[in-house]
Amino acid sequence: MARRLSTGIEVLDRKLDGGLPKGSIVSLSAPPASQAELLLYEFTSARQTLYLSTDRDEAAVTKALERAPGQTGPPPDVRRVPGDAPLDHSQRLFRRLPEDSNLVVDPVDLLEKQDEDRYRNFLNDLQNHLHNTEGVAILHCLDGRSVPDARDVTEHVADVVFQLHTEYSTDTVETRLAVPKFRGGRALSETIKLELAETVRIDTSRDIA
């Protein structure tokens, strides 16, 4: 089995047989109104992380990370990706990543909206860098009203696909995580029920039919 890196969530690591294979690109697809950022914040607590923000400024992301209760490791290096030449800017930054480190792109939509051939080359270059440094990248994909055409490219190149689904009823909000794709391991046959509050918890109780 490929060597694994922790997701920062102990129960999820167990379900994934130890975590994420080193050198992996992970696509995290989630509705914009979900609490997917909590998963990203937990992920940064596992090891040194470069956090590229394409929407929010550096100060806003840094403050949110400081408020996250699960932050125990070194603070992430937060960088704002400008709208001008975002692929080139992101590429220059991730090429400096040391071994066994994380890259977070939040969200990746701005990069997906660039020229498709250049975006595909960007992903291939990222994959090669992660293979050489044994790191992990997580690309936050907004599953909203306007999904970029290159989303198929992202999920095809990704080694692991996480899909976050939120369901509403009259008195509850239920969030489930599906893992339909997992190169170097096994995809999960069942969804995982998450409790997204101040931190991420996995509901290990069995659903009552």
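Details of the structure are given in the entry above.
Residues numbered from 1 in each chain as written. Predicted model: local features only at pLDDT ≥ 70, side-chain atom pairs only at ≥ 80, totals over all residues. Heavy atoms only, no water.

Student: Would you explain helix 3 (residues 58-67) in this entry?
Tutor: Helical geometry note: an α-helix holds 3.6 residues per turn, so side chains three or four residues apart project in the same direction. Along helix 3, the residues classified as buried are Val61, Ala64 and Leu65. For helix 3, the angular spread of the buried residues around the axis is 100°, confining them to a single face. Of the residues in helix 3, the exposed ones pointing more than 90 degrees away from the buried face are Lys63, Glu66 and Arg67. For helix 3, the secondary structure elements touched by its buried residues are helix 2 (36-44), strand 4 (49-53) and strand 5 (77-80). (Buried < 20%, exposed > 50% of the residue type's maximum accessible area, 1.4 Å probe, protein only. Helix = DSSP H or I, 4+ residues; strand = E, 2+ residues; numbered from the N terminus. Arc of directions from axis to C-beta. Contact = heavy atoms within 4.5 Å.)

Student: What is the right way to read the packing of aromatic side chains from this model?
Tutor: The relative placement of two aromatic rings is captured by the distance of their centres and the angle of their planes. Under the criterion given, the structure shown has two aromatic pairs. Ring geometry for phenylalanine 94 against phenylalanine 122: centres 5.5 Å apart, planes inclined by 75°, an arrangement best described as edge-to-face. Here the residue phenylalanine 94 occupies a position in helix 4 (residues 86-94), and phenylalanine 122 occupies one in helix 6 (residues 116-133), the gap between them amounting to 28 residues. Taking relative accessible area as the criterion, phenylalanine 94 reaches 0% and is therefore assigned buried. Measuring from ring centre to ring centre gives 6.3 Å for tyrosine 119 and phenylalanine 122, while their planes differ by 15°; the resulting arrangement is stacked. Here tyrosine 119 pairs with phenylalanine 122, and both are found in helix 6, just three residues apart, close to one helical turn. Aromatic rings pair up to connect Phe94, Tyr119 and Phe122 into one cluster. (Phe/Tyr/Trp six-rings, centres within 6.5 Å; stacked < 30°, edge-to-face > 60°.)

Student: It is not clear to me how helix 2 should be interpreted in this structure. Could you clarify?
Tutor: For helix 2, a buried count of eight out of nine residues is recorded, marking the element as mostly surrounded by other parts of the structure. Among all positions of helix 2, only Ala36, Leu38, Leu39, Leu40, Tyr41, Glu42, Phe43 and Thr44 are buried.

Student: What is the right way to look at the environment of phenylalanine 182 in this model?
Tutor: Mapped onto the elements of the fold, phenylalanine 182 is located in strand 9 (residues 173-182). Residue class for phenylalanine 182 comes out buried when judged on its relative accessible area of 8%. Residues phenylalanine 182 and alanine 158, 24 residues apart in the sequence, show an inter-C-alpha distance of 8.9 Å.

Student: Please explain the sheet that holds strand 8 (residues 160-168) as it appears in this structure.
Tutor: Pairing between sheet strands relies on hydrogen bonds along the backbone, with the strands arranged either parallel or antiparallel. What the nine strands build is an open sheet, ordered 5-4-6-7-3-8-9-10-11; its pairing is mixed. With one partner strand each, in any of the chains shown, strand 5 and strand 11 (200-202) form the two edges of the open sheet. Between one strand axis and the next, the sheet turns through 25° on average, direction left out of account. In the sheet, strand 4 pairs with strand 6 (residues 102-106) via five bridges, with the strands oriented parallel. Looking at strand 6, one finds that leucine 52 is bridged to valine 105. Along the sheet, helix 4 makes contact with strand 4, strand 5 and strand 6, crossing strand 4 at roughly 170°. Where helix 6 meets the sheet, its contacts fall on strand 3 (25-30), strand 6 and strand 7 (136-142), and the angle it forms with strand 7 comes to roughly 150°. (Pairing = 2+ DSSP bridges. Axes fitted to C-alpha atoms, helices over the stretch in contact; angles between N-to-C directions.)

Student: What exactly am I supposed to notice about the environment of glycine 135 here?
Tutor: Structurally, glycine 135 is set in the loop between helix 6 and strand 7. For glycine 135, a relative accessible area of 1% corresponds to the buried category. Along the sequence, glycine 135 and threonine 62 sit 73 residues apart, while their C-alpha atoms lie 22 Å from each other.

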